Amino acid sequence: MDIEHVRSRFIKHFDGTTGAVYASPGRINLIGEHTDYNGGFVFPGAIDKGMIAEIKPNGTDIVKAYSIDLKDYVEFGLKEEDAPRASWARYIFGVCREMIKRGVDVKGFDTAFSGDVPLGAGMSSSAALESTYAYALNDLFGDNKIDKFELAKVGQATEHNYCGVNCGIMDQFASVFGKQGSLIRLDCRSLEYQYFPFDPKGYRLVLVDSVVKHELASSAYNKRRQSCEAAVAAIQKKHPHVEFLRDCTMDMLQESKAEISEEDYMRAEYVIEEIQRVLDVCDALEKGDYETVGQKMYETHHGMSKLYEVSCEELDFLNDLAFDCGVTGSRVMGGGFGGCTINLVKDELYDTFIQNAKDKFKEKFGRSPKIYDVVIGDGARRLV
């Protein structure tokens, strides 16, 4: 992330003076997919790619915003009816409105921003943008009175109320709470969290982007939620304390097998096992056991592909290729139906793996995958 580039654009597009500079990261999720809406755990970390914004109050009630990457300029007021048309500007507007709702006296400001989170690769560029502005407005107009958890909720509420995305809290949480050298286990039911060490000396974390997004993602996602709810309803007949699949064991699921469809059983089996895998990975990291971490990643991919059925040919191909190259761990990252695999790769195997991934993927699918090295970094902060 390049502060000088953002600063030079800010000076050029506004009055030649400078403001304060803020940054927030994108995120990865090492393990724990489709566990959030089942009351389970997720295990994200902030990365060394994100958004940078320069911001300066301008003494008016108008926000003047310039997207450096899109070369687009928008002005908007701060009342509900002032929502801008440009989708990128709605993120900033939404954050302004959500901060106002929480008692922050947001005034007009000039801003320019840029990012190096790859769009569409599942690293949450939108959460990085929301967290940057939530943190900045809290600092500039709110005397930092809003706590970090509420800043994450500001980003989530922006998605819900202004961008039409009914997302969970993980992306914004990781962007605000990220810490260099640590992943964060977030309990999606209680919202309690704990940091775990992630310092894989001798390994690299790399995303291989299939550059594909299959269209059935949203309807398939809803269908899988319904399967999980059906399994819970069946289990509740004998175990009334059960609220989510998080509360279930495989024995409980087995007991109810005759009452649910084979498909619902498979979906629930994946989720129950995945929730346990997150806990197993946390234990392994505390011992510095990255081989077990990698094994659990492969198990997750198998579950997402064969039980939850949210993988696709391209992602299965990349996962098999990683295994054949001796990569320690590999799995589809995110909701599925396209996007990236996340890979834990020994340093000495890295070059061979990347070359193989590029060559063999192109040979089979006619295009090259994109490669993103990621390092676990800090959350939202003021830079200058």
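Residues numbered from 1 in each chain as written. Predicted model: local features only at pLDDT ≥ 70, side-chain atom pairs only at ≥ 80, totals over all residues. Heavy atoms only, no water.

Note the cut-off: UniProt positions are given in the numbering used here, feature names are shortened, and annotations may be inferred rather than shown by experiment.
You'll find the protein chain entered in an unreviewed UniProt entry as Galactokinase, with Bacteroides cellulosilyticus CL02T12C19 given as the organism. Turning to the protein chain, the UniProt record has this under Sequence similarities (unreviewed entry): "Belongs to the GHMP kinase family. GalK subfamily."

1. Side note on helix 11 (residues 347–365)
Using the following cut-off: Only DSSP runs of H or I with at least four residues qualify as helices, and only runs of E with at least two residues qualify as strands; both kinds are numbered from the N terminus onward. Here a helix's expected span is defined as the number of its residues, less one, multiplied by 1.5 Å. Burial classes follow relative accessibility: with a 1.4 Å probe on protein chains only, a residue under 20% of its type's maximum area counts as buried, one over 50% as exposed, and anything between as partly exposed. The criterion used for residue contact is that any of the two residues' heavy atoms lie within 4.5 Å.
Between the first and last C-alpha of helix 11 there are 27 Å, a value that for 19 residues agrees with the 27 Å anticipated at 1.5 Å per step. Taken as a whole, helix 11 has its buried residues at Tyr350, Phe353, Ile354, Ala357, Phe361 and Phe365. Against strand 9 (203–213), helix 10 (313–324), strand 11 (338–346) and strand 12 (370–374) lie the buried residues of helix 11. Two residues or fewer after helix 11 comes Gly366, characterised by a positive phi angle close to 80 degrees.

2. Focus: the nonpolar core
How we decide: What is meant by a nonpolar core is a set of buried Ala, Val, Leu, Ile, Met, Phe, Trp, Tyr and Cys residues, joined one to another through side-chain atoms within 4.5 Å.
The biggest cluster of nonpolar side chains holds 103 residues, and the ones touching the most others in it are Ile28, Leu30, Phe43 and Phe109. Sorting elements by how many residues they give to this core places helix 8 (residues 262–286) first, with 12 residues. In contact with Ile28, other than residues within four places in its own chain, are Pro44, Gly45, Ile47, Leu183, Leu205, Leu207, Met333, Ile342, Val374 and Ile376. By size, the runner-up hydrophobic cluster in this structure holds 15 residues, among which are Leu318, Leu321, Val345 and Ile354.

3. Observations regarding helix 5 (residues 170–177)
The element helix 5 is largely enclosed, with a buried count of seven among its eight residues. When we look at burial in helix 5, the residues that qualify are Met170, Gln172, Phe173, Ala174, Ser175, Val176 and Phe177.

4. Structural notes on the UniProt feature "domain: GHMP kinase C-terminal" (unreviewed entry) in the protein chain
The feature "domain: GHMP kinase C-terminal" (unreviewed entry), as annotated in UniProt, sits at residues 284–348 in this numbering. Helix makes up 54% of residues 284–348 and strand 22%, whereas the separation of the span's terminal C-alpha atoms amounts to 22 Å.

5. Structural notes on the sheet that holds strand 12
Each strand in a sheet pairs with its neighbour through backbone hydrogen bonds, running either in the same direction (parallel) or in the opposite one (antiparallel). Keep this limit in mind: Any two strands are treated as partners once DSSP identifies two or more bridges connecting them. Only the stretch in contact is used when a helix axis is fitted, and all axes are lines through C-alpha atoms; the angle between N-to-C directions ranges over 0 to 180 degrees.
What the four strands build is an open sheet, ordered 10-11-9-12; its pairing is antiparallel. This sheet does not close on itself; its edge strands, each paired only once, are strand 10 (329–333) and strand 12. With strand direction ignored, the average angle separating the axes of adjacent strands in the sheet is 25 degrees. In this structure, strand 9 lies alongside strand 12, joined through five bridges in antiparallel fashion. Among the inter-strand pairings, Asp209 is bridged to a residue of strand 12, identified as Lys370. Against the sheet, helix 10 makes contact with strand 9, strand 10 and strand 11, and its axis sits at roughly 5 degrees relative to strand 11, the strand it touches most.

6. Considering the pairing of strand 1 (residues 20–29)
Taking burial as the measure, the 10 residues of strand 1 include 10 buried ones, the bulk of the element. Alignment of strand 1 against strand 3 (residues 44–57), held across nine bridges, turns out to be antiparallel. By the bridge assignment, Tyr22 is partnered in strand 3 with Ala53. The sheet contact formed by strand 1 and strand 13 (residues 381–382) spans two bridges and is antiparallel. Bridging from a neighbouring strand, Ala23 pairs with Arg381 of strand 13.

7. Some words on the pattern of salt bridges
For clarity, the threshold we go by: We define a salt bridge as a contact between a side-chain nitrogen of Lys or Arg and a carboxyl oxygen of Asp or Glu at a distance within 4 Å.
All told, the structure shown has 24 salt bridges when counted by the stated rule. For the salt bridge of Lys296 with Glu299, the shortest nitrogen-to-oxygen distance reads 3.4 Å. Within this pair, Lys296 and its partner Glu299 are both found in helix 9 (residues 290–307), separated by three residues, close to a single helical turn. By relative accessible area, Glu299 is classed as partly exposed at 28%. The network of salt bridges with shared partners includes Glu98, Lys101, Arg102 and Glu150.

8. Some remarks on the UniProt feature "domain: Galactokinase N-terminal" (unreviewed entry) in the protein chain
Annotation from UniProt places "domain: Galactokinase N-terminal" (unreviewed entry) at residues 9–57. This span, residues 9–57, is 10% helix and 53% strand, and a straight line between its end C-alpha atoms measures 17 Å.

9. Regarding the sheet that holds strand 7 (residues 182–187)
Strands sit in the order 2-7-8 across an open sheet of three strands; the sheet is antiparallel. Edge strands, defined here as strands with exactly one partner in the open sheet, are strand 2 (41–42) and strand 8 (193–197). Helix-sheet contacts for helix 5 involve strand 2, strand 7 and strand 8, and the interaxial angle to strand 7 is about 140 degrees.

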